[in-house]
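For reference, the chains in residue letters:
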There are 8 protein chains.
Amino acid sequence: MKRKEKYLDIGFAKLDIERQKRKKAVETIYCESKTDEQLIEIFKKFDELKINAIGTRASKKQYDAVKKVIPEVEYHKEGKIITLIKKEIKKIGQVAICTGGTGDIPMAEEAAITAEFFGSNVKKYYDIGIAGINRLLDNIDKIREANVIIVLAGMEGALAGIITGLVDVPVIAVPTSIGYGSSFKGLSALLTMLNSCAEGMMVVNIDNGFGAGYSASQINRKIAKE
Amino acid sequence: MKRKEKYLDIGFAKLDIERQKRKKAVETIYCESKTDEQLIEIFKKFDELKINAIGTRASKKQYDAVKKVIPEVEYHKEGKIITLIKKEIKKIGQVAICTGGTGDIPMAEEAAITAEFFGSNVKKYYDIGIAGINRLLDNIDKIREANVIIVLAGMEGALAGIITGLVDVPVIAVPTSIGYGSSFKGLSALLTMLNSCAEGMMVVNIDNGFGAGYSASQINRKIAKE
Amino acid sequence: MKRKEKYLDIGFAKLDIERQKRKKAVETIYCESKTDEQLIEIFKKFDELKINAIGTRASKKQYDAVKKVIPEVEYHKEGKIITLIKKEIKKIGQVAICTGGTGDIPMAEEAAITAEFFGSNVKKYYDIGIAGINRLLDNIDKIREANVIIVLAGMEGALAGIITGLVDVPVIAVPTSIGYGSSFKGLSALLTMLNSCAEGMMVVNIDNGFGAGYSASQINRKIAKE
Amino acid sequence: MKRKEKYLDIGFAKLDIERQKRKKAVETIYCESKTDEQLIEIFKKFDELKINAIGTRASKKQYDAVKKVIPEVEYHKEGKIITLIKKEIKKIGQVAICTGGTGDIPMAEEAAITAEFFGSNVKKYYDIGIAGINRLLDNIDKIREANVIIVLAGMEGALAGIITGLVDVPVIAVPTSIGYGSSFKGLSALLTMLNSCAEGMMVVNIDNGFGAGYSASQINRKIAKE
Amino acid sequence: MKRKEKYLDIGFAKLDIERQKRKKAVETIYCESKTDEQLIEIFKKFDELKINAIGTRASKKQYDAVKKVIPEVEYHKEGKIITLIKKEIKKIGQVAICTGGTGDIPMAEEAAITAEFFGSNVKKYYDIGIAGINRLLDNIDKIREANVIIVLAGMEGALAGIITGLVDVPVIAVPTSIGYGSSFKGLSALLTMLNSCAEGMMVVNIDNGFGAGYSASQINRKIAKE
Amino acid sequence: MKRKEKYLDIGFAKLDIERQKRKKAVETIYCESKTDEQLIEIFKKFDELKINAIGTRASKKQYDAVKKVIPEVEYHKEGKIITLIKKEIKKIGQVAICTGGTGDIPMAEEAAITAEFFGSNVKKYYDIGIAGINRLLDNIDKIREANVIIVLAGMEGALAGIITGLVDVPVIAVPTSIGYGSSFKGLSALLTMLNSCAEGMMVVNIDNGFGAGYSASQINRKIAKE
Amino acid sequence: MKRKEKYLDIGFAKLDIERQKRKKAVETIYCESKTDEQLIEIFKKFDELKINAIGTRASKKQYDAVKKVIPEVEYHKEGKIITLIKKEIKKIGQVAICTGGTGDIPMAEEAAITAEFFGSNVKKYYDIGIAGINRLLDNIDKIREANVIIVLAGMEGALAGIITGLVDVPVIAVPTSIGYGSSFKGLSALLTMLNSCAEGMMVVNIDNGFGAGYSASQINRKIAKE
Amino acid sequence: MKRKEKYLDIGFAKLDIERQKRKKAVETIYCESKTDEQLIEIFKKFDELKINAIGTRASKKQYDAVKKVIPEVEYHKEGKIITLIKKEIKKIGQVAICTGGTGDIPMAEEAAITAEFFGSNVKKYYDIGIAGINRLLDNIDKIREANVIIVLAGMEGALAGIITGLVDVPVIAVPTSIGYGSSFKGLSALLTMLNSCAEGMMVVNIDNGFGAGYSASQINRKIAKE
């Protein structure tokens, strides 16, 4: 086995091309701390290799810079994601994405686009937070049909625990930074979710819609027989 | 007005006797950091003045020491409270006390005994946490009948927000130190409660059953026309 | 009972219309993380249904956007609140609102407008912090006349405890983010208030004038015989 | 549907009997903050109803007390779990459980017993932490065969991210409180795991072997076609 | 100048004998982390040199060990201080020491004994916390007579700010670890004191009665013309 | 005694005019959270009453607004202070102000102007931090001549402890927010100073040059026989 | 020895000229909190004395201001460093600099330029983070050839521990502030690195590329026989 | 290369035997979370293989248990270390170990025994903290002779920065948990050290004498030409 073939060295970055075999998924590009030049270079490589690519936390400005060179890329504004689709993605199974409020929608969209990119169907249940619990109870039967449920909530973050208590499906909880004062930019929701006594919940980083979408898709595809 | 009459100086402590007029309630004795000798001295004064007294966070050992000198005192073991009843307490209205789990019961008992000492009827709804939301929904109509609701919960602490969303009654939330890991001795539940978007909830310190019982009783009595 | 009638689904949000019956109050709109388009849509629904609406943490820009479509809305600049009054509000009882300094006034105004919106008379006692305790002592007799007292203070946040020690009325304490250095954006005042040994105080989130105004009004109306 | 049948009210606690249908799993008993009397009462009910029961964070002393009344209960010392098996558990699929060091073994055992109780086969890979990465690399092919991987690590907690980067299987990371100084009782490992950029990892509370075991089993069974 | 004469090397420790000239005060012995053998050795040196010595945070056990070898040492039980008086201390001026509650008395005694050891007269005003502000107002005129005021308070710690607002004397605030829940072992009181807007207050470490006593005595003596 | 004469009510604020008698100092105006209109109103009152006034944390913009109405006010740019001098200030004694680096100079200037405003002479020793300890040792004899020493330092904040160990004068330590990474905006320096084992140091809030200047001046004047 | 010759007093700053003898290195200029005027003054002094100078955390704007007066200065944009080279620097030995991702490159460049300025050869291994461990394993043999290794990583920060486990060379770990959510601006990576159980790792402050470069160069030169 | 030979699998643990080649040092045994049985098993293996072994954070009880089976092991009580010496250790170069106070000595001994075990000569300078800086200045010339300096300090932790500013030798700083109140079990000293602006200092975990001793020895041996 020749190690050198495993990744592509483009100077400032080393692209993990072989990952598609090992992880059955391409490497994701975290755009936030990259320059326009670096992003263009990276997307160009994926384009040449005809591999689908996904870039998260991308600004509109970054997208515009990449777009000029690779016109095929698409921008998902709310989720702040750039995608480059070189071969069609076949979606199977179902992931349900729920949010406590409207403020959580951007992170929910990040999760949704990610889950779809990695091959899962997505259903969305936004603004069903616990302040008016009827909104949740009315939708719970449909939510239960998914193979995996993602719940995003800020402030107190209690929605994830409530839903987990009502279903027999793995739940991935995403604390969001929505809130003020002692919400401490998502810390409150993070602690709520980690300490939930509802059985069957797992947690990802604050605002990490991508991570939730990736894991949800991975589990969903395995259940739906990838 | 002679200030000297306002309190009783017994050396190491100054008893706020006049408070009964100003606050319409006696001064509470916080036992935790007091020596047996100090407690005996304080209860003796209340006994002589024929004023009801309540001592919180009292150990059995402290109670035994006081009991020897003032046999009339009573100990409420679960709530860790010593009371001295010199004139009968008339109870009015109703305070509902709910807990998420069985571990919250000691603080709930502290709240209950306090609310009763300050003149309120109490109804208890223990172990109705959100992991099994049916337990809550079955009791919610009875809980709604109270003038004030106290909710105690540890771990994620979400129960307070759920109840607040379902009732039209002031809710006092008590985060408890029940939990482990990132519950950080009640911090998680405290943050959950402070950040709840449910309207009509107020919060007291971690494990502060006394504070909740006092405020609940004060509000209840004013509503029930003291 | 048909659940579907309980709320209004407008796509990105689900308005809890039925709340007016359950909570005896309309649902509040948290504007901070909503787009102009979302806010316009929501206020239009309330306008059509002829229900009073209140939107908190609203920027002037958001107000201007809504104003263009629904000219009836009003903006309360200091408290950053948008209100839409479709039927006259009858105010009863009295809520006293006290601040430690002039910096706390925006959150105090949020509390005041909220308490009035939900049907309470409000009296204001601003800038009576403990640095010059005479300012407080001069006003304490008038403050005592209220059914509920809201105290807002930043920095050390001690005013709430002082007032609570002087009155026989429930006190709702609001820590504010006014301060610098180790005030940690309100954390210092929050801890001060949670740890107060004054009996009869409850706390809400940092800068949460709305929550204090809502709870104060709810308690006041019940005491004043709603 | 009659709500009253959904759970069993035994005074201080309300057993969520119906959960077996809703969650396809019995309610777990969190022993830590319960008295011996309460535990005996609860296990007696499960015994009468012939339902399997599992109690976590149980001391040897608690076990001894329950054992006297219900001789059938078993104690899993390292994982601190009491089980009561009334009908045989059929195990399917496979969950892999890895630890960084020997200090993580008690929480790993909690996870293992839980996963088995809820119907999964378990394989254990203990003491394969990153200080000597060969130990991990030698076992990685066998670890990859599981449907779900649980990784427990304290101190820096990096093992979870390393494993996730090497496999195409969902990973559940459990930060443990093993360590000293700035490990802050597991906080360091928790943050490491939440911030991992490895794709496909989810996190549970510090030392929460139970939660990891439950979720892992739930996912494993769905993949293995429950 | 020969440096070697500046201190005394006794192997495991180096006694700063010259300090009496430089700092006009002897070196204080922090007993908490020293062995009995080390303490005996140190006190023996001071005894031989006929220099007054003061040891803080000393247990009764440590005192007993030293006492056996140097019978002249005295133990101040509440303040946990060992003193060895080889020449009489002349006390001048006045330091006032105030506490919020009875629980703060041990740290107050540490401050008092320290201030006296370093040559100041001390007056004590214990248990004058803000829950009953009359107790403070009655004593304020006498407190004002001191050259420096030390205020010790736990829980919310507001007493220091109140007193500072009422006097024209430097105030040294000592947060104490008395409290529970979100008092976080004195952090709450520390933040309150640091953020006080009362002019003329300075703060020392949590429970640091010694530091307050030392600084107060130093300032007092300079004002009283040492 | 007529309380009404004690302060001046100007609507949004209540000026503590009587303070000059009680505290022997005027009330300081904290400008940061005040509107231009409020500041103008307040300075106008002081101007009419012919009382010296000092406003801290004032922006240039605020100064310009006040200047237009009261041309006599002066702006101290580095210290961000507005002063209005209606009667000449007589300065006595000496306060030494030391900084670790050049970044601490703005807070040092706030302290210096404050100390001078309240009647003390000031000597400045800037940029004498411990990285090059010679700079400190060369100046220590002159520093020792002051009645009180203020030490400002960010990052590790160790300078205050070093100086305190070398002098027989009260030291007021000011942690500054200069630094990055784990300096956490001054928290690191604050903790260093609070935990110093050097005897004779007291601490004020992060960046609180004003508080240090005020206390230093108060102590200095009492020693210099005010 | 005349102390006065040890440093250069230029009013607002005191340059530690003698350091070149004592520390065998010039004093570094921390630019972040200095004014343009101060920087020009300082660089002018170094220029006159013909001593090499290095200024860290310098903005382009600061560089432009200094450049106008001393045209010889150079700007290293990515590392935000200004250097003034008056005599040629001889580089010996080798320092390896590794980063987890591309976002860590600016701090890596700060380390690289610093290490070179202080006389070490540097080799760079960027973007070899653990998400794709092949990238690391492929380079490890070359990395091992250095005398000292610097590892920069944000988010989980695990790369430093992995490398340390694979080499027999001192490793200096630099946590970076790259990340979001619970990375808490580098705190997560800092804790990971401090708690690593890999033997032979030392840590510097978050984003402190300079400190790592300085220490690495110092150790490298001593090993390479300076 | 056959991977299986790289380590020894003894069931619950996998001993990294090959490390002696890769890391030029044996694997260290972290005793704190191991059972007596596990420790005996591990030491037996090292004994059989005739490899030197070192176990840290070992209690006397653990030592006694191992001693019974392998009589050759030695216990270093103050440093809490068990060593098993199978072949003589040749010591070269010099590591200096300094402590601020006597309370830091146990961690200093851990460092000293570790450095000696891994082949370095050690010189100790205990109790030279900054409260009396003469103690440090008198010893600094001797300290400078070492190849590497370890500085251990608790409370404010400033000693490490002072020493670093005075020498041209790499310094490894060890924050210790000695202190009380806001020292937060070593956090204060840790932050002080991380934020030091003295050039040439690196930091290890709180109380991590082992880590400092290991790294110091590694650097020392490379400089002294291993």
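Residues numbered from 1 in each chain as written. Chains lettered and ligands numbered in written order. Predicted model: local features only at pLDDT ≥ 70, side-chain atom pairs only at ≥ 80, totals over all residues. Heavy atoms only, no water.

Moving on: the interface of chain G and chain H. Listed per partner, the contact involves 33 residues of chain G and 34 residues of chain H. Roughly 3000 Å² is buried in total at the junction of chain G and chain H, and carbon and sulfur atoms are behind 50% of that figure. Three residues stand out in chain G for area buried against chain H, namely D168, L194 and E199 of chain G, and they jointly supply 25% of the buried area on that side. Our count for the contact surface shared by chain G and chain H stands at 2 salt bridges. In this structure, the salt-bridge partner of K222 of chain G is D168 of chain H, at a minimum N-O distance of 3.9 Å. Taken together, the connections running from chain G to chain H amount to 11 residue pairs in polar contact (both at pLDDT 80 or more). Contributions of two or more residues to the side of chain G that touches chain H are made by α1 (19-22), α6 (159-166), α7 (187-194), β11 (201-203) and α8 (209-223) of chain G. When residues of the side of chain G that touches chain H are assigned to their parent elements, the largest contribution, 7 residues, is made by α8 of chain G. Taken together, the residues that form the side of chain G that touches chain H break down as 16 nonpolar, 8 polar and 9 charged. (Contact = heavy atoms within 4.5 Å. Buried area = accessible area lost by both parts, 1.4 Å probe. Salt bridge = Lys/Arg side-chain N within 4 Å of Asp/Glu carboxyl O. Polar contact = N/O pair within 3.5 Å; in protein donor to acceptor, adjacent residues only side chain to side chain. Helix = DSSP H or I, 4+ residues; strand = E, 2+ residues; numbered from the N terminus. Nonpolar A, V, L, I, M, F, W, Y, C, P; charged D, E, K, R; others polar.)

Turning to the domain arrangement of chain A, a few remarks are in order. Residue and element names in this part refer to chain A. According to the domain assignment, chain A contains domain 1 (8-84) and domain 2 (92-225). Relative placement of domain 1 and domain 2: their C-alpha centres are 26 Å apart. The interface is formed by 15 residues belonging to domain 1 together with 11 residues belonging to domain 2. The three residues of domain 1 that bury the most area against domain 2 are I54, R57 and E78, which together make up 38% of that side's buried surface. The interface formed by domain 1 and domain 2 contains 0 salt bridges. In this structure, the connection of domain 1 to domain 2 is made through 1 residue pair in polar contact (both at pLDDT 80 or more). (Domains from an automatic or database assignment.)

In this section: the packing of helix α7 (residues 187-194) of chain A against helix α7 (residues 187-194) of chain B. Two numbers describe how α7 of chain A lies on α7 of chain B: the axes approach to 8 Å, and their chain directions differ by 125 degrees. Judged by the inter-axis angle, α7 of chain A sits oblique to α7 of chain B. Considering how the two elements wind past one another, α7 of chain A and α7 of chain B form a crossing that is left-handed. Side by side, α7 of chain A and α7 of chain B meet where S188, L191 and T192 of chain A of the first sit next to S188, L191 and T192 of chain B of the second. (Axes fitted to C-alpha atoms, helices over the stretch in contact; angles between N-to-C directions. Parallel < 35°, antiparallel > 145°, perpendicular 65-115°, else oblique. Left-handed = near helix turned anticlockwise from the far one by under 90°.)

Once that is clear, we can look at the state of the cysteines. Per the stated rule, a full pass over the model turns up 0 disulfides over all chains. Cysteine C98 of chain B remains unbridged, with the sulfur of C197 of chain A as its closest cysteine sulfur at 15 Å. Here C31 of chain E stays unpaired: no disulfide links it, and the sulfur of C197 of chain F, its closest cysteine neighbor, is 14 Å away. The buried category is assigned to C31 of chain E, whose relative accessible area is 0%. (Disulfide = S-S within 2.5 Å. Buried < 20%, exposed > 50% of the residue type's maximum accessible area, 1.4 Å probe, protein only.)

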